Amino acid sequence: MYPRPLFQNKALQDQLTEPAAQHECKVNHPALPSFQQRIILHVDLNCFYAQAECFRRPELRDKPVVVGGDEEARHGIVLAKNMIAKGFGIKTGEALWQARQKCPGLVSVRADYRHYQRIAQAARAIYYDYSDRVEPFGLDECWIDVTGSAELFGGGQRAGRFIAEEISERSKSELGMSVSVGVSWNKVFAKFGSDYKKPDGITHITPDNYQDLVWAAPASELLYIGPATTRKLADAGIFSIGDVAGASAKLMRGKLGKIGAMLQVFARGEDASLVRVMDQDKRDVSYGIKSIGNSMTAPHDLRGEADVKALVYLLSESVAQRLRESRLKAQTITAYIRHADLHSYHRQKQLLLPSFLTGEIAAAAYDIVCENEDLSRETSFRSLGVRASNLISMWDPTQTNLFVAEPARIAYEDLEFSIDDLRRRYGNKVVMRGCELHSSRMSRKDIKADNTIHPVGFLRS
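Conventions we followed
- Residues numbered from 1 in each chain as written.
- Predicted model: local features only at pLDDT ≥ 70, side-chain atom pairs only at ≥ 80, totals over all residues.
- Heavy atoms only, no water.
- Helix = DSSP H or I, 4+ residues; strand = E, 2+ residues; numbered from the N terminus.
- Contact = heavy atoms within 4.5 Å.
- Disulfide = S-S within 2.5 Å.
- Buried < 20%, exposed > 50% of the residue type's maximum accessible area, 1.4 Å probe, protein only.
- Pairing = 2+ DSSP bridges.
- Axes fitted to C-alpha atoms, helices over the stretch in contact; angles between N-to-C directions.
- Core = buried A, V, L, I, M, F, W, Y, C linked by side-chain atoms within 4.5 Å.

A.B. asks: Any chance you could explain the environment of Leu41 here in plain terms?
C.D. replies: On the secondary structure map, Leu41 appears in strand β1 (residues 40–45). Between the C-alpha atoms of Leu41 and Gly193, which are 152 residues apart in sequence, the distance is 8.9 Å. Residue contacts for Leu41: discarding those within four places in its chain leaves Cys142, Trp143, Ile144, Val146, Gly160, Ile163, Ala164, Ile167, Val181, Gly182, Val183 and Ala190.

A.B. asks: So what exactly am I meant to see when it comes to the state of the cysteines here?
C.D. replies: A covalent bond bridging the sulfur atoms of two cysteines is what the word disulfide describes. One pass over the full model with this rule turns up 0 disulfides. Of the cysteine sulfurs around Cys54, a residue in no disulfide, the closest is that of Cys47, at 9.0 Å. When its relative accessible area of 8% is taken as the criterion, Cys54 is described as buried.

A.B. asks: Before we go on, may I ask you to explain unusual backbone geometry in this structure?
C.D. replies: Trans is the prevailing form of peptide bonds, just as negative phi is the prevailing case for residues other than glycine. A cis amide bond links Lys198 to the next residue, Pro199, at an omega of -10°. Turning to its location among the elements, Pro199 is positioned in the loop between α7 (187–196) and β8 (202–204). Positive phi values are uncommon outside glycine, yet Tyr224 reaches one of about 75°. Topologically, Tyr224 is positioned in the loop between α8 (210–213) and α9 (227–235). Positive phi is not limited to glycine here, since Arg327 has a value of about 55°. Relative to the helices and strands, Arg327 resides in the loop between α13 (304–325) and β12 (328–339). Note on Arg327: relative accessible area 39%, which makes it partly exposed.

A.B. asks: Please clarify how the sheet that holds β8 should be interpreted in this entry.
C.D. replies: Across a sheet, paired strands are connected by hydrogen bonds in the backbone, their directions being either parallel or antiparallel. With mixed pairing, the 5 strands of this open sheet are ordered in space as β5-β6-β1-β7-β8. At either margin of the open sheet sits one strand with a lone partner, and together these are β5 (134–136) and β8. Within the sheet, the average angular offset between the axes of one strand and its neighbour, ignoring direction, is 15°. Across 6 bridges, the pairing between β1 and strand β7 (residues 179–184) is antiparallel. By the bridge assignment for β7, Val43 is matched with Val181.

A.B. asks: Where do I start with the nonpolar core in this structure?
C.D. replies: For soluble globular proteins, the rule of thumb is that nonpolar side chains tend to be buried together. Counting residues in hydrophobic clusters, the biggest one holds 35 residues, and the most contacted among them are Leu41, Phe48, Tyr127, Ile144, Ile167 and Val181. Top element by residues in this core is helix α5 (residues 113–127). It accounts for 6 residues. Among the nonpolar cores identified, the runner-up in size contains 31 residues, and Met296, Leu311, Leu323 and Leu375 belong to it.

So, in structure tokens, the structure goes:
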């Protein structure tokens, strides 16, 4: 059983203490399929980065504000904007200089991911008061399955609305952040509901009203229908979510292949996917990790062996440290190379033995660069990336190699874990390699701490 939180809203508390018979609910009746009796919320922190900055700096609340990248490091794009800036037509992903042209009085704030992560964790702590089934969808969004705890809040589908209002109220009073909440019996419609009224809205989508609310909306508002898919559907005369639901299976397959059938399941409200349980120790859902990587746009164009080697080792330090934290070893290393003219490509290499050693990962990545680029020439590199894949558990037995000194390798592994312990206690910059100090601007960056984990795909298992 889940502990019932104290309600900030006295009216809500009074409603919940009334006898259940007074709350006759027309939705949760026996005729509904079992999956339609679920109660799933999708909570979205509105304009998250921008709202967090405006709360931290009250003088910005009445001004158009965007959170942007580091323009000196050539990351000058809009990452988030508040509602005032949105009114000027500013869009996420456009260059900051373009945003300033639309709004001359625009205030641009540098992104502070650690601050946003702290707020996201505090928000999830609120969600845990209502259910242990909390699945993040990026940093600022979460699904919450409250089916098991509904009886604590009056029972039936009405409990979802009460919980949504309580989460909204607590988020504002405890975090200073407004949220939009969608309530439904499936994850897709719950997310649609959180997008339906912004900011600070609550939308309950039920088996009785979804045809009026969801089916009337443009097809582009359904999860996983992007611009390209929207164009393909429009070519077939499919413009609304209701059109997607009612189209023939043959037409959807012909236009979109297998994803066409999946989109029809979404549009008809037949999605029965579970809200995955979050691992509280990792602060994330325990998905199967397929690769671990890091890339970075350099503060200046890289030229020559020393520049390139410094960034490769900085990136490899981050990748190797995260492999060790996840108790994994990699068998394949991929290097990403992007020139100053924005031409880019990937190349990969197999390791002799599975590894989480920084030196082995960096050496493989640097070899890839050297094999594909002439570093003695005046070639300019804008960004580089290192990714480890084909992962196995560090406890899995592996065949030794006659050409690798195993005792020395084991000693290096022990050394890496000791360095990890120092970095946990004193920060990631407490131990650095000599080659990483070649560029003073890059050596000041804490690549691992600044690494941003992108939202996990809805379809990922």
